[in-house]
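# Observations on the model geometry
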Amino acid sequence: AGGLYQLSKAGKLCVPAMNVNDSVTKQKFDNLYCCRESILDGLKRTTDVMFGGKQVVVCGYGEVGKGCCAALKAMGSIVYVTEIDPICALQACMDGFRLVKLSEVIRQVDIVITCTGNKNVVVREYLDRMKNGCIVCNMGHSNTEIDVASLRTPELTWERVRSQVDHVIWPDGKRIVLLAEGRLLNLSCSTVPTFVLSITATTQALALIELYNAPEGRYKQDVYLLPKKMDEYVASLHLPTFDAHLTELSDEQAKYLGLNKNGPFKPNYYR
């Protein structure tokens, strides 16, 4: 999605585009709920690690980071968080996590998880300071977060232990466990539940239908968020799975809130 906005800013976008990734349902499901389950799944499948009492640092406390932290905390891990955004940082503190700089905990942690969407979050300097047996993996964007290229040097030995698991060994015998060569752990090493897939696919399908059916001129050559109404529609389609019963507003209540009975129920800027 970020790339689309950059193209649009440069005036190089040739068609209208829908940013499905930042629609609320997709955000919460793919990023928060799915990662809450797949982080443990991915780590267990690759390393069989036990989480109780392990010290873990999670880089980034967006939706993905929140999901990872919630799961690890529930398993009894000691969780540290790094963040650049004061709002996300405050949320991490209020959720009971220690907010640190990576340099402060890198020597003592057992697992490092990146989910910032940025690049060069874990650089060679940090990899050099990790303790023996430290597990390093990425839940964020593609493979930019961990500087894996910096580990492809003559003095380090790479040992493929099993599929998606490499030991990188330093001259003094120290080794770190690198998962999926720094690519997305939850795509490489765990499965995506069909329910989550359904939410994502429905959102994408509706975005395409919206773009196709829209009257001429509604969408220009720019990036648009999915209309809130459609987001709500995706969610409502998935409620029967849980045998969930939605309450309807009375005419009086709808009028009081200044809403249409059938939605959208929240303003577009609501997060």
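This structure is a prediction, so every number in the text was calculated from the model and none was measured.

### Some words on the state of the cysteines
All chains considered together, the criterion is met by zero disulfides. Looking at the unpaired Cys35, the closest cysteine sulfur is the one in Cys68, lying at 5.4 Å. Of all cysteine sulfurs in the structure, the one in Cys137 sits closest to Cys134, which takes part in no disulfide; the separation is 9.4 Å. Exposure remark for Cys134: the relative accessible area of 0% places this residue in the buried category.

### Examining the nonpolar core
With 31 residues, the main nonpolar core has Ile39, Leu43, Val58, Ile113 and Met139 as its most contacted residues. At the level of secondary structure, the elements contributing two or more residues to this core comprise helix 2 (24-47), strand 2 (55-59), helix 3 (63-74), strand 3 (78-82), helix 4 (86-94), strand 5 (111-114), strand 6 (135-138) and strand 9 (175-179). For this core, the element with the most residues is helix 3, which contributes five residues. If sequence neighbours within four positions are ignored, Ile113 has contacts with Ile39, Leu43, Val56, Val57, Val58, Cys59, Leu72, Cys137 and Met139. If you look at the next biggest cluster of nonpolar residues, it comprises 24 residues, including Val112, Val121, Cys134 and Val148.

### Side note on helix 3
Taking 1.5 Å per residue as the helical rise, helix 3 with its twelve residues ought to reach 16 Å, and the 17 Å between its terminal C-alpha atoms agrees with that figure. Every buried residue belonging to helix 3 is among Val64, Gly65, Lys66, Gly67, Cys68, Cys69, Ala71 and Leu72, and all of these are buried. Close packing links the buried residues of helix 3 with helix 2, strand 2, strand 3, helix 4 and strand 5. Of the residues one or two after helix 3, Gly76 is the one with positive phi, at around 90 degrees.

### Section: the packing of helix 8 (residues 194-213) against helix 9 (residues 228-238)
In the contact formed by helix 8 and helix 9, the axes pass within 10 Å of each other and the chain directions differ by 140 degrees. On the basis of their axis angle, the class for helix 8 and helix 9 is oblique. For the pair helix 8 and helix 9, the crossing hand works out as right-handed. Contact residues: helix 8 offers Phe195, Ser198, Ile199, Thr202, Thr203, Leu206 and Glu210, while helix 9 offers Met230, Tyr233, Val234, Leu237 and His238. For the contact of helix 8 with helix 9, the residue count by class is seven nonpolar, four polar and one charged.

### Points about the UniProt feature "domain: S-adenosyl-L-homocysteine hydrolase NAD binding" (unreviewed entry) in the protein chain
If you check UniProt for "domain: S-adenosyl-L-homocysteine hydrolase NAD binding" (unreviewed entry), the listed places come out as residues 31-192 in our numbering. Helix makes up 32% of residues 31-192 and strand 22%, and the two end C-alpha atoms of the span are 11 Å apart.

### Looking at the pairing of strand 5
Taking every second residue as pointing to the same face, both faces of strand 5 are buried, with Ile111 and Ile113 on one and Val112 and Thr114 on the other. Bridging between strand 2 and strand 5 involves four bridges; their strand directions are parallel. Counterpart to Val57 in the pairing with strand 5 is Val112. For strand 5 and strand 6, the ladder comprises four bridges, and the chain directions are parallel. Directly across from Ile111, in strand 6, lies its bridge partner Ile135. Crossover strand 5 to strand 6 through helix 6 (residues 124-129) is right-handed.

### Looking at the packing of aromatic side chains
As enumerated under the stated definition, the model contains five aromatic pairs in all. Ring centres of Phe29 and Tyr33 lie 5.1 Å apart, and the angle between their planes is 65 degrees; this geometry places the pair in the edge-to-face category. With Phe29 and Tyr33 both in helix 2 and four residues apart, the pair spans about one turn of that helix. When its relative accessible area of 19% is taken as the criterion, Phe29 is described as buried. Ring geometry for Tyr219 versus Tyr224: centroids 4.8 Å apart, planes at 70 degrees, classification edge-to-face. We classify Tyr224 as partly exposed; its relative accessible area is 22%. The structure contains a cluster of three or more aromatic residues connected by ring pairs, namely Phe29, Tyr33, Phe195 and Phe242. Between the NZ or CZ atom of Lys73 and the centre of the ring of Phe97, over which it lies, the distance is 5.1 Å.

Conventions adopted
- Residues numbered from 1 in each chain as written.
- Predicted model: local features only at pLDDT ≥ 70, side-chain atom pairs only at ≥ 80, totals over all residues.
- Heavy atoms only, no water.
- Disulfide = S-S within 2.5 Å.
- Buried < 20%, exposed > 50% of the residue type's maximum accessible area, 1.4 Å probe, protein only.
- Core = buried A, V, L, I, M, F, W, Y, C linked by side-chain atoms within 4.5 Å.
- Helix = DSSP H or I, 4+ residues; strand = E, 2+ residues; numbered from the N terminus.
- Contact = heavy atoms within 4.5 Å.
- Expected span 1.5 Å × (residues − 1).
- Axes fitted to C-alpha atoms, helices over the stretch in contact; angles between N-to-C directions.
- Parallel < 35°, antiparallel > 145°, perpendicular 65-115°, else oblique.
- Left-handed = near helix turned anticlockwise from the far one by under 90°.
- Nonpolar A, V, L, I, M, F, W, Y, C, P; charged D, E, K, R; others polar.
- UniProt positions renumbered as here; feature names shortened; annotations may be inferred.
- Pairing = 2+ DSSP bridges.
- Right-handed = clockwise from strand over helix to strand, strands pointing away.
- Phe/Tyr/Trp six-rings, centres within 6.5 Å; stacked < 30°, edge-to-face > 60°.
- Lys NZ or Arg CZ within 6 Å of the ring centre and 35° of its normal.

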